[in-house]
Amino acid sequence: MALPHSVRLVEVGPRDGLQNEASPISVIDKARLVNELAACGYAYIEAGSFVSPKWVPQMAGSAEVFASLQRVPGVSYGALTPNLQGFEAALAAGADEVAVFAAASESFSQRNINCSIAQSLERFAPVMAAAKAAGVPVRGYVSCVLGCPYEGAIAPAQVAAVARELHAMGCREVSLGDTIGVGTPGATRNLFQAVAREVPLAQLAGHFHDTYGQALANIYAALLEGVSVFDSSVAGLGGCPYARGASGNVASEDVLYLLQGLGIQTGIDLDRVIAVGERISQQLGRANGSRVAQARRCG
Ligand code: HMG
Ligand code: MG
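Every chain begins its residue count from 1, and numbering advances along the sequence as written. Chains carry letters from A onward and ligands carry numbers from 1 onward, assigned in written order. Residues qualify for local features only when their pLDDT is at least 70, as the model is predicted, and side-chain atom pairs are given and counted only at 80 or more; totals for whole chains, interfaces and linings, by contrast, use all residues. In computing side-chain properties, one takes all heavy atoms of the structure into account and sets aside hydrogens as well as water.

A. Molecular detail of the state of the cysteines. Any cysteine sulfur atom paired with another within 2.5 Å is treated as part of a disulfide. Here the structure, examined in full by the defined rule, presents 0 disulfides. As a non-bridged cysteine, C115 has C144 as the owner of its nearest cysteine sulfur, 14 Å distant.

B. Quick peek at the pairing of strand β6 (residues 173-178). Burial of β6 is extensive: 6 of the 6 residues sit out of reach of the surface. Along β6, one buried face is formed by E173, S175 and G177 and the opposite face, lined by V174, L176 and D178, is buried too. Two strands qualify as a pair provided that DSSP identifies no fewer than 2 bridges between them. Every helix listed is a DSSP run of H or I at least four residues long, and every strand listed is a run of E at least two residues long, numbered separately from the N terminus. Direction of pairing for strand β5 (residues 138-143) relative to β6: parallel, over a ladder of 4 bridges. Its bridge partner being in β6, Y141 is matched across the sheet by S175. Orient the strands so they point away from the viewer, and a crossover whose first-strand-to-second-strand path over the helix runs clockwise is right-handed. After leaving β5, the chain enters helix α7 (residues 156-168) and then returns to the sheet as β6, a path that is right-handed. Here β6 pairs with strand β7 (residues 204-208) via 5 bridges, running parallel. The residue of β7 that forms the bridge with G177 is H207. For every residue, the accessible area (1.4 Å probe, protein chains only) is compared with the maximum for its type, and the residue is labelled buried under 20%, exposed over 50%, or partly exposed between those bounds.

C. Region of interest: the site of ligand 1. If even one non-hydrogen atom of a residue comes within 4 Å of a molecule or strand, that residue is called near it. Q19, S52, N114, S143 and T179 are the nearest of the 26 residues found near ligand 1. Here F50 contributes a backbone N or O atom positioned 2.9 Å from a nitrogen atom of ligand 1. Polar contacts, as counted here, are pairs of nitrogen or oxygen atoms within 3.5 Å of one another; within protein the pair requires one atom able to donate a hydrogen and one able to accept it, and residues that are adjacent in sequence qualify only if both atoms are side-chain atoms. Here N83 contributes a side-chain N or O atom positioned 2.8 Å from a nitrogen atom of ligand 1. Its free accessible area being 1100 Å², ligand 1 has 72% of it covered by the protein chains. Counting residues per element, the ones that place at least two in the shell around ligand 1 are α1 (13-17), α4 (84-93), α5 (106-113) and β5. Gly is put with the polar residues, along with every residue not named as nonpolar or charged; the nonpolar set is Ala, Val, Leu, Ile, Met, Phe, Trp, Tyr, Cys and Pro, and the charged set is Asp, Glu, Lys and Arg. Per-class residue counts for the shell around ligand 1 are 10 nonpolar, 12 polar and 4 charged. Using a 1.4 Å probe, the Shrake-Rupley method yields the accessible areas, and only the shown protein chains count as cover for residues.

Quick look at the structure:
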């Protein structure tokens, strides 16, 4: 298949990145990060998460983050919502879009959201209904699509079944997450081929963590399958709770560099993203996870 002419990059650094950062970061600084990213040309930024603060303390204060945003017209500010309680809080905070999240593995579902896959889908039904009534688009995530920390290999058919359910209940897009970054390009191609039989390709996104250094190769493999939406995190913010010291989401800067080289449009200013990544890395006292940012610094 020909490569897409343009790609939509979903910036998940303020959510997927910061939820895994050890250093505490204030509401003001979280909002500053989102505001800086909004000036880079993103159409969609995941700005927070309305989950239990007992489960994910780093995402406490997401309502205050939304209240502190300087909204840029044309930018959609999204939030993760595991249940109706989370959706109502996200709606009150002014989230433009929300995301529900399921897993392709039963064990991961239990450890992440304390219920089975089937129960999670049941919990999403009232979220979908409330979102429809409020006119809020819903994105769906499937985690562990290329492997699970507890169950190992995951069959593409299992992922396809969960993705089909999310799509059938009204998710406008389903993002397939390689949560522990174990996938390789061949497995990625097989996965998207299997899931595209159940959900239109135009409504699928790729969400790759770079734990094993395969994320860019997997994105290229997904591009070859016709996928045109990818999630990424400025400076590769985040880590992996299942592999100490491992990297987080693929760095937005590195994905942008790859796409630029392929002549694929994104509407996002790479130099600006690099500057944002350098600043937030300094503030968090962590190494910048973007190879492109590191290379630019050296000249
Ligand atoms: P639970 O303990 O089973 O929930 O947690 P519960 O309904 O029994 O309620 C227990 C308490 O939680 C109650 O408070 C509720 O009010 C509260 P208490 O009476 O004890 O004081 N509660 C909430 N508080 C705030 N916001 C809410 C909410 N719901 C209940 N929405 C629950 C179930 C789903 C809430 C919990 O397991 C949870 O919050 N999990 C979140 C886990 C998470 O955020 N993981 C990271 C995001 S997923 C991810 O990163 C993967 C992704 O990036 C893709 C990929 O990489 O694969 C998306
Ligand atoms: Mg993730």
